[in-house]
Structures are given as C-alpha cells and as structure tokens.
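Inside the fold
The chain contents come next:
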Amino acid sequence: MRLALIPLLLGLSGCVTYPDITQSRSPCRMDPGGWCAFVREAAVESYPYALASTNAYSDDSDIYVDLGRSLERIARLEIDPRDRRKGFDYELFEQYELIDQSGTRGELKARILAFRG
C-alpha cells in the first residue's frame, strides 16, 4: 500500500501554481505595451548599462557594433594574456544625453566601466 502512494505523492509534487507575472490585472494594462510608465522609464534608463555589460561578456567578433546614439566605446588598455585566459575582460563607454528624438547628442552623462571575471 505504501509503495502505491509514492507515485501518487511524486505526481502531486509536480503540480505547482505560479504567480501571475503578466500585466493582465495591472492598473497599467491600458498603457502602451501594458506596462506602467515607471517600468518603461526604468527599462530605458538601464538599457545602456545592459548593452555595456553584454559587450564586456562578448568576444571581439561578438560585440554589438550598433551602440545607439547615447553610447560610445572608449579606447582601453590591453589586458595581460594570463588574466585574459582567466576570463577577465572589460570595456569602457561614454554615455551622452540625447537632446531630442533625432538622436542629437548633448552633454556627457556618465562613463561606464563594464567588466567580467
């Protein structure tokens, strides 16, 4: 009898209810894309940092060449080959404010050091 209960208990453990992570019941569901304005603003604000980080984890042949108008890659010092073999690498970027929708650059906003390893 106990042996018959084991498959039943194992089968029930696979029944899991996950929380609703969609925006279907969000107060912002009628906003563009169904996302609240603060979520969209956070995505726009964090995108340059995510792009810089992705480039730090990519090889030279893998990098995102189109960084957009707000980021510009800065020349950097070469890494010692022993450290490179251990997985260390980095990229430097300058981030500029965009003045208008056409992508006209404004003042330097930040310098980003993105590294891995």
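Placed above this text is the structure.
Residues numbered from 1 in each chain as written. Predicted model: local features only at pLDDT ≥ 70, side-chain atom pairs only at ≥ 80, totals over all residues. Heavy atoms only, no water.

Brief notes about the overall build of the protein
- For the protein, the count of helices and strands is three helices and three strands.
- When the helices and strands of the protein are placed in sequence order, the string is α-α-β-α-β-β.
- Residue pairs at least 24 apart in sequence account for 37% of intrachain contacts in the protein once pairs closer than 6 positions are excluded.
- Taken as a whole, the protein presents about 9400 Å² of accessible surface, with 59% of it coming from carbon and sulfur. (Helix = DSSP H or I, 4+ residues; strand = E, 2+ residues; numbered from the N terminus. Contact = heavy atoms within 4.5 Å. Areas by Shrake-Rupley, 256 points an atom, 1.4 Å probe, with all protein chains shown as cover.)

Quick word on the side chain of Q95
- Considering the arrangement of structural elements, one finds Q95 in strand β2 (residues 89-98).
- In terms of polar contacts, Q95 uses its side chain to reach the side chain of Y49, at 3.4 Å.
- For Q95, the contacting residues outside a window of four places in its chain are P48, Y49, S70, L71, E107, L108, K109, A110 and I112. (Polar contact = N/O pair within 3.5 Å; in protein donor to acceptor, adjacent residues only side chain to side chain.)

Looking at the nonpolar core
- Counting eight residues, the largest nonpolar core is built from L51, A52, A56, L67, L71, F93, I112 and A114.
- Of the residues forming this core, the biggest block, three residues, is contributed by helix α2 (residues 37-56). (Core = buried A, V, L, I, M, F, W, Y, C linked by side-chain atoms within 4.5 Å. Buried < 20%, exposed > 50% of the residue type's maximum accessible area, 1.4 Å probe, protein only.)

Regarding the pattern of salt bridges
- A complete count under the given rule lists nine salt bridges for this structure.
- Across the salt bridge formed by R76 and D89, the nearest N and O atoms sit 3.0 Å from each other. Residue R76 is located in the loop between β1 (71-74) and α3 (81-85), and its partner D89 is located in strand β2; the two are separated by 13 residues in the primary sequence.
- D89 is the partner of R116 in a salt bridge, and the nearest nitrogen-oxygen pair spans 3.7 Å. Here R116, found in strand β3 (residues 105-116), pairs with D89, found in strand β2; they are 27 residues apart in sequence, far enough to count as distant. The residues R116 and D89 share a single accessibility class, namely buried. (Salt bridge = Lys/Arg side-chain N within 4 Å of Asp/Glu carboxyl O.)

Digging into the sheet that holds β1
- If you trace the three strands from one edge of the open sheet to the other, you get β1-β2-β3, paired in antiparallel fashion. Two strands in the sheet have a free side with no partner beyond their single neighbour: β1 and β3. Adjacent strand axes in the sheet meet at a mean angle of 30°, parallel and antiparallel pairs treated alike.
- Both β2 and β3 contribute to a ladder of nine bridges, which runs antiparallel. Residue pairing across strands places E91 opposite A114, the latter belonging to β3.
- Packed on one face of the sheet, α2 meets β1, β2 and β3 and runs near 40° to β3. (Pairing = 2+ DSSP bridges. Axes fitted to C-alpha atoms, helices over the stretch in contact; angles between N-to-C directions.)

Looking at the layout of surface pockets
- Here the largest pocket is characterised by a volume of approximately 280 Å³.
- Its residues assigned to classes, the lining of the largest pocket comprises seven nonpolar, three polar and four charged. (1 Å grid on protein atoms, 1.4 Å probe; cavity = no way out; pocket = protein on both sides within 12 Å on 5 of 7 lines; lining within 4 Å. Points joined across faces, edges and corners; volume = space filled by probe spheres on them. Nonpolar A, V, L, I, M, F, W, Y, C, P; charged D, E, K, R; others polar.)

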